[in-house]
Amino acid sequence: MLRPRSLQDQVAALLVLLTVTLSSPLLSAQYSKTDCASCKVWNAPQQPFKIYGNTYYVGTHGLSSILITSPSGHILIDGDLPESAAQIRDHIRALGFRIEDVKLILNSHVHFDHAGGIAKLQQWSHARVVASEPSAPVLSKGGVGKDDPQYGILPPIAKVKHVEVFHDGDVLRVGDLSVTAHLTPGHTPGGTSWTWKSCDGPQCLNMVFADSLTAVSAPGFKFTEHPDLLKGFEKSFAFLETTPCDILITTHPEISGLWDRLERRNQAAKPDPMIDSGACRALAANARGQLQKRLESEGNH
Ligand SMILES: [Zn+2]
C-alpha cells in the first residue's frame, strides 16, 4: 500500500530514478521501446479515471497524460514514452471516448518520457500539435534540443509533423474548451504548464497541470552559468505561487501525491482529497529548495 510521503522524499526518489535513467543506453532508432532503466516502472499499467468534471487521467502509472473532453472534441496533454502511446489510446477508449475525437495535443516538455508518444498519438488522432517557441523545433526535428540541460544524455524523441507555435499566456481552444499556456522554463527552455477550469454541476475548479521543475543536467552543465534558465525557474516558481490552484497534477504523478490522493478518495474521504488549494505553492517551495541545493553544490565544484 502506498504511504503518504513528504514532497521532499518524493522528489528525492524521482531524482534517483532520473539518475538511473540517464546512465542507460540510448533509444533504438525505431522509437518503439525506450531502453531506459526506469521506463518499465514509468510505463506500468494504470486504470484511467475521472480526476474532476471533464478532466480524466489517461496516462501510465508513472507518467501523467490528461484528457479534457467536450462534445465537440478533446484536448490531450502529454504523450509519455513511445511505448505508452497504445496505453493512452486504450485508456481514452476505455473511458468511452474516441481517439479520433482528440483535436489538440499539448505537451509539458520535450523529453522522451513526456513527448515520446506524441508522434504515434498524432498519427492515430490527426490532432493538431501546438508547442512553445523553444519546444516546437525539437518536436519537429525529433531528438533533443541542443540548449537542453540534459543534451547528450537523453534518448531522442520521434519527429512530430506540422507543429504549430503558441506564445506565453495564449488560450488554446477546441469547441467550448479552453486551456491557457504558461511558460515554465528551467527544466527545459520551453517547458509549459497548463491551466483550465473543469466543472462538476455548478462547482467549477481551477485545474493545473504543472511541468517538471527539477534542475537535472548532463555532467559538466552548470545552471549557475545559465542566467536565462535561472530566470526561467524564478518565473515558473512565481507562476505556481500565484495561479489559482484547486487540483494539481504533475508530469510525474507521485510528485503531487496523486496515488495517495486517489486511494483516499476511493475510501470516500471527505472533503475530496484530490482538491488542495495549497498544492501549487507547496510544489513551488519544494522545487525552490531543490534548485537552491543544486546551485550550492555547483559552487562547491
Ligand atoms: Zn524531463
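Just so you know, these numbers come straight off a predicted model, no measurement behind them.

(A) Structural context of the overall build of the chain. The helix and strand tally for the chain stands at nine helices and twelve strands. For the chain, buried positions account for 58% of its 301 residues. In the chain, 65% of the contacts between residues at least 6 apart in sequence involve partners at least 24 apart. Entry remark: accessible area of the chain is about 13000 Å², with carbon and sulfur atoms responsible for 55%.

(B) Spotlight on the packing of helix α3 (residues 85-94) against helix α5 (residues 118-125). Where α3 contacts α5, the axes come no closer than 9 Å and their chain directions differ by 40°. In terms of orientation, α3 lies oblique with respect to α5. Facing α3, whose interface residues are Ala85, Ala86, Ile88 and Arg89, α5 presents Lys120, Leu121 and Trp124. Residues of the contact of α3 with α5, tallied by class, amount to five nonpolar, no polar and two charged.

(C) Focus on the environment of aspartate 276. By secondary structure assignment, the location of aspartate 276 is in the loop between α8 (258-266) and α9 (279-299). Setting aside anything within four residues of it in sequence, one finds aspartate 276 in contact with Cys245 and Asp246. Within the structure, aspartate 276 has its side chain in polar contact with the backbone nitrogen of glycine 278 (distance 2.9 Å).

(D) The arrangement of the packing of aromatic side chains in detail. All told, the structure shown has nine aromatic pairs when counted by the stated rule. Between phenylalanine 221 and phenylalanine 223 the ring centres are 5.0 Å apart and the planes differ by 75°, which places this aromatic pair in the edge-to-face class. Judged on exposure class, the residue phenylalanine 221 and its partner phenylalanine 223 are both buried. Geometry around tryptophan 124 places arginine 89 over its ring, the cationic atom sitting 4.3 Å from the centre.

(E) Main features of unusual backbone geometry. Geometrically, the link from lysine 270 to proline 271 is a cis peptide bond, its omega value of -5° lying close to zero. Examined against the element boundaries, proline 271 turns out to sit in the loop between α8 and α9. Backbone geometry at histidine 162 places phi at a positive 50°, although glycine is not the residue there. Relative to the helices and strands, histidine 162 is located in the loop between α6 (136-141) and β7 (163-166). Of the residues examined, histidine 162 reaches a relative accessible area of 71% and is grouped as exposed.

(F) Layout of the pattern of salt bridges. Applying the stated criterion across every chain, the model contains nine salt bridges. Between arginine 98 and aspartate 101 there is a salt bridge whose closest N-O contact spans 3.1 Å. Under the relative-accessibility criterion, arginine 98 is labelled partly exposed at 47%. A salt bridge links glutamate 164 to arginine 128, with the nearest nitrogen and oxygen atoms 2.8 Å apart. Placement of the pair is glutamate 164 in strand β7 and arginine 128 in strand β6 (residues 128-132), with a sequence separation of 36 residues. In this structure glutamate 164 comes out as partly exposed when scored by relative accessible area, which is 32%. Each of Glu234, Glu241 and Arg288 takes part in a single network of salt bridges with overlapping partners.

Conventions used here
Residues numbered from 1 in each chain as written. Predicted model: local features only at pLDDT ≥ 70, side-chain atom pairs only at ≥ 80, totals over all residues. Heavy atoms only, no water. Helix = DSSP H or I, 4+ residues; strand = E, 2+ residues; numbered from the N terminus. Buried < 20%, exposed > 50% of the residue type's maximum accessible area, 1.4 Å probe, protein only. Contact = heavy atoms within 4.5 Å. Areas by Shrake-Rupley, 256 points an atom, 1.4 Å probe, with all protein chains shown as cover. Axes fitted to C-alpha atoms, helices over the stretch in contact; angles between N-to-C directions. Parallel < 35°, antiparallel > 145°, perpendicular 65-115°, else oblique. Nonpolar A, V, L, I, M, F, W, Y, C, P; charged D, E, K, R; others polar. Polar contact = N/O pair within 3.5 Å; in protein donor to acceptor, adjacent residues only side chain to side chain. Phe/Tyr/Trp six-rings, centres within 6.5 Å; stacked < 30°, edge-to-face > 60°. Lys NZ or Arg CZ within 6 Å of the ring centre and 35° of its normal. Salt bridge = Lys/Arg side-chain N within 4 Å of Asp/Glu carboxyl O.

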